[in-house]
Amino acid sequence: MDPQRQLLSAKDIFVHFPVKAAGLGGRPRRVSAVNGVSFEVYRGETLGLVGESGCGKTTLGRAIMRIGHGMVSGRIDFDGREISSLGNSAFRPLRKEMQMIFQDPFGSLNPRLTVGQMLGEVLAVHRIAKGEAARKRILELLDTVGLNREYANRYPHEFSGGQRQRLGIARALAVNPKFIICDEPVSALDVSIQSQIINLLKDLQRDFGLTYLFIAHDLSVVEYISDRVAVMYLGKIVEIAPAEDLYSNPKHPYTQALLSAIPVPEPDGSRERILLKGDLPGPMNVPPGCGFHPRCPVAMPECSRKEPCLLPQGGNGDHQVSCLLYERCEDAVACCSV
Ligand code: SF4
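Residues numbered from 1 in each chain as written. Predicted model: local features only at pLDDT ≥ 70, side-chain atom pairs only at ≥ 80, totals over all residues. Heavy atoms only, no water.

*Asks:* An account of the overall build of the protein chain is needed here, citing residue identities and associated values.
*Replies:* Within the protein chain, the secondary structure is distributed over 10 helices and 12 strands. Compactness check: the protein chain gives a C-alpha radius of gyration of 21 Å against a globular reference of 20 Å for 338 residues, within 12% of the reference. By its C-alpha atoms, the protein chain is 70 × 60 × 45 Å across when sized along the principal axes. In the protein chain, the proportion of contacts linking residues at least 24 apart, taken out of those at least 6 apart, comes to 65%. In the structure as shown, the protein chain presents an accessible area of about 17100 Å², 50% of it carried by carbon and sulfur atoms. (Helix = DSSP H or I, 4+ residues; strand = E, 2+ residues; numbered from the N terminus. Rg over C-alpha atoms; globule rule 2.2 N^0.38 Å. Contact = heavy atoms within 4.5 Å. Areas by Shrake-Rupley, 256 points an atom, 1.4 Å probe, with all protein chains shown as cover.)

The structure is reproduced here in structure tokens:
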């Protein structure tokens, strides 16, 4: 892959959280919410990141932005520069280039500031504009996200959920970022509002050349906005592929089960639903071997002993799967634990 094409590269990312010792004399432990994840995000694309709640996708996004509480290890490169070893003060200027949009826009907006004050604060902190220039920029941002200019004098509680999400987007855009992590940006919104926000994000991507990591659990939304999609399960990426390829030819049994649950819009259309056994195990109880084996409908005896790795499957290598069904003996030498 041409390194010029990559905006962000994450290699072998782990995010650990300490866990208190159970009872007197118990030893403190730690759990891994993200377990050795590697991926790239290409300039100008949207990489969708999907999986059930608790699979580690939000933790991964927060680890990239350094706003989580976990201990992060691994290497992250952004725009041709290694950033994972930077101290906090060296990392601070990068916050202008990397922004995040949150699921709960209300929780991420200061209730005591008007929209104008909130956006003005962002412009001042990042030394982008002040005074009349800041006022102009604030009005321009409101236009860009489709909000009335008069809303600059209103407080967050005066807006609907969709309008608040537009404010969250305006705040992210205020610093002219290159890369935005969208963390479940439409999950809390009504379906009709969801499509407006998704279309706004697509328009902004086209107009400003933005690159997105789009985190969501709704596979239909992810299909609509993403160029490529990565599927996470128990802190690992189990499949990654161009969106069209993944949705038409899912290879991992977990991806197949997720896609089988998407409702078919045609009245006579039907799809055989693959029902998974049990719930997603917690990060304290990761099964040995393939983490998916207790729920996998096609598990084999070796699946509980051997951990599969993410390997390219045919073609030009852009469809990668982590499943023993697809592994050949020579692949095992490269990276698998037996
Ligand atoms: Fe299922 Fe085995 Fe593949 Fe895991 S490695 S997804 S258990 S077939």
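Text resumes after the structure shown.
*Asks:* Describe the site of the ligand, with residues and values.
*Replies:* Close to the ligand lie His252, Pro253, Cys290, Phe292, His293, Cys296, Val298, Ala299, Cys303, Cys323, Leu324 and Leu325, which account for all nearby residues. Of the residues in the shell around the ligand, the class split is 10 nonpolar, two polar and no charged. (Near = heavy atom within 4 Å. Nonpolar A, V, L, I, M, F, W, Y, C, P; charged D, E, K, R; others polar.)

*Asks:* Go over the packing of helix 4 (residues 131-144) against helix 5 (residues 161-173) with me, naming the residues and quoting the values.
*Replies:* Between helix 4 and helix 5, whose axes approach to 9 Å, the crossing angle comes to 130°. Relative to helix 5, the element helix 4 is oriented oblique. Regarding helix 4 and helix 5, the two cross each other, and that crossing is right-handed. Contacts between helix 4 and helix 5 involve Arg137, Leu141, Leu142 and Thr144 from the first element and Leu167, Ala170 and Leu173 from the second. Partitioning the contact of helix 4 with helix 5 into residue classes produces five nonpolar, one polar and one charged. (Axes fitted to C-alpha atoms, helices over the stretch in contact; angles between N-to-C directions. Parallel < 35°, antiparallel > 145°, perpendicular 65-115°, else oblique. Left-handed = near helix turned anticlockwise from the far one by under 90°.)

*Asks:* Describe the sheet that holds strand 6 (residues 98-101), naming the residues involved and giving the relevant values.
*Replies:* The strand order across the open sheet formed by eight strands is 6-7-8-3-9-10-12-11, and the pairing between neighbours is mixed. Each having just a single partner strand, strand 6 and strand 11 (311-312) make up the two edges of the open sheet. Both strand 6 and strand 7 (residues 179-183) contribute to a ladder of four bridges, which runs parallel. The residue bridging methionine 100 from the neighbouring strand is isoleucine 181, located in strand 7. (Pairing = 2+ DSSP bridges.)

*Asks:* Kindly report on the sheet that holds strand 1 (residues 6-19), identifying the contributing residues and their values.
*Replies:* Pairing is antiparallel across the open sheet formed by four strands, whose spatial order is 2-1-4-5. Strands with a single pairing partner mark the edges of an open sheet, and in this sheet they are strand 2 (29-42) and strand 5 (81-82). Packing of helix 1 (residues 57-65) onto the sheet brings it into contact with strand 1, strand 2 and strand 4 (71-78), and relative to strand 2 it is tilted by some 75°.

*Asks:* Now, about the pairing of strand 4: what can you tell me, with residues and values included?
*Replies:* Bridge count between strand 1 and strand 4: seven bridges; the pairing is antiparallel. Following the sheet pairing, alanine 10 is matched in strand 4 by isoleucine 76. Note: strand 4 against strand 5, two bridges, orientation antiparallel. Within strand 5, the residue paired with phenylalanine 78 across the bridge is arginine 81. Connecting strand 4 to the antiparallel partner strand 5 that follows it, the hairpin turn spans two residues, and aspartate 79 within it adopts a positive phi of roughly 50°.

*Asks:* Describe the packing of aromatic side chains, with residues and values.
*Replies:* Given two aromatic rings, one states the distance between the centres and the angle between the planes to describe the pair. Taken as a whole, this structure holds five aromatic pairs when the rule is applied. An angle of 45° between the planes, with centres 6.1 Å apart, marks the rings of phenylalanine 78 and phenylalanine 179 as tilted. Of this pair, phenylalanine 78 sits in strand 4 while phenylalanine 179 sits in strand 7, and the two are 101 residues apart along the sequence. What makes phenylalanine 179 buried here is its relative accessible area of 0%. Taking the centre distance of 5.3 Å and the plane angle of 65° together, the rings of tyrosine 254 and phenylalanine 292 count as edge-to-face. Here phenylalanine 292 lies in the loop between helix 9 (253-260) and strand 11 and tyrosine 254 lies in helix 9, a separation of 38 residues in the sequence. (Phe/Tyr/Trp six-rings, centres within 6.5 Å; stacked < 30°, edge-to-face > 60°. Buried < 20%, exposed > 50% of the residue type's maximum accessible area, 1.4 Å probe, protein only.)

*Asks:* Before we move on, could you go through helix 5 and cite the residues and values that matter?
*Replies:* Each turn of an α-helix holds 3.6 residues, which means side chains three or four residues apart point in the same direction. Here helix 5 contains 13 residues, and its C-alpha end-to-end distance of 18 Å stays within 8% of the 18 Å for a straight helix at 1.5 Å per residue. With respect to burial, helix 5 is a largely interior element, 11 of its 13 residues being buried. Residues of helix 5 that are buried include every one of Gly162, Arg164, Gln165, Arg166, Leu167, Gly168, Ile169, Ala170, Arg171, Ala172 and Leu173, and no others. Buried positions along helix 5 lie against strand 6, helix 3 (115-125), helix 4, strand 7 and helix 6 (191-208). (Expected span 1.5 Å × (residues − 1).)

*Asks:* Mind laying out the nonpolar core, listing which residues take part and the relevant values?
*Replies:* Grouped together as the largest cluster of nonpolar side chains are 60 residues, with contacts concentrated most on Ile169, Leu173, Ile180, Leu201, Phe214 and Tyr247. In this structure, isoleucine 180 is in contact with Gln99, Ile101, Ala172, Leu173, Leu210, Thr211, Tyr212 and Leu213, ignoring residues within four places of it in sequence. One finds Ile13, Leu47, Met65 and Leu86 within the second-largest nonpolar core, a separate group that totals 32 residues. (Core = buried A, V, L, I, M, F, W, Y, C linked by side-chain atoms within 4.5 Å.)

*Asks:* Outline the side chain of arginine 166, listing residues and values.
*Replies:* As for its placement among the helices and strands, arginine 166 is situated in helix 5. Of the buried charged residues, arginine 166 lacks a salt bridge, with aspartate 203 as the closest side chain of opposite charge at 8.2 Å. Those residues in contact with arginine 166, other than ones at most four positions away along the chain, are Val145, Gly146, Leu147, Gln196, Ile197 and Leu200. (Lys, Arg positive; Asp, Glu negative; His and termini not counted. Salt bridge = Lys/Arg side-chain N within 4 Å of Asp/Glu carboxyl O.)

*Asks:* Describe in detail the packing of helix 3 against helix 4, supporting the description with residues and values.
*Replies:* Interaxial distance between helix 3 and helix 4 falls to 10 Å at its minimum, and their mutual angle equals 115°. Looking at the two axes, helix 3 sits roughly perpendicular to helix 4. In terms of crossing hand, the pair formed by helix 3 and helix 4 is right-handed. For the pair formed by helix 3 and helix 4, the contact residues are Val115, Gly116, Leu119, Gly120 and Leu123 on the first element and Ala134, Arg137, Ile138, Leu141 and Leu142 on the second. Of the residues belonging to the contact of helix 3 with helix 4, the class tally is seven nonpolar, two polar and one charged.

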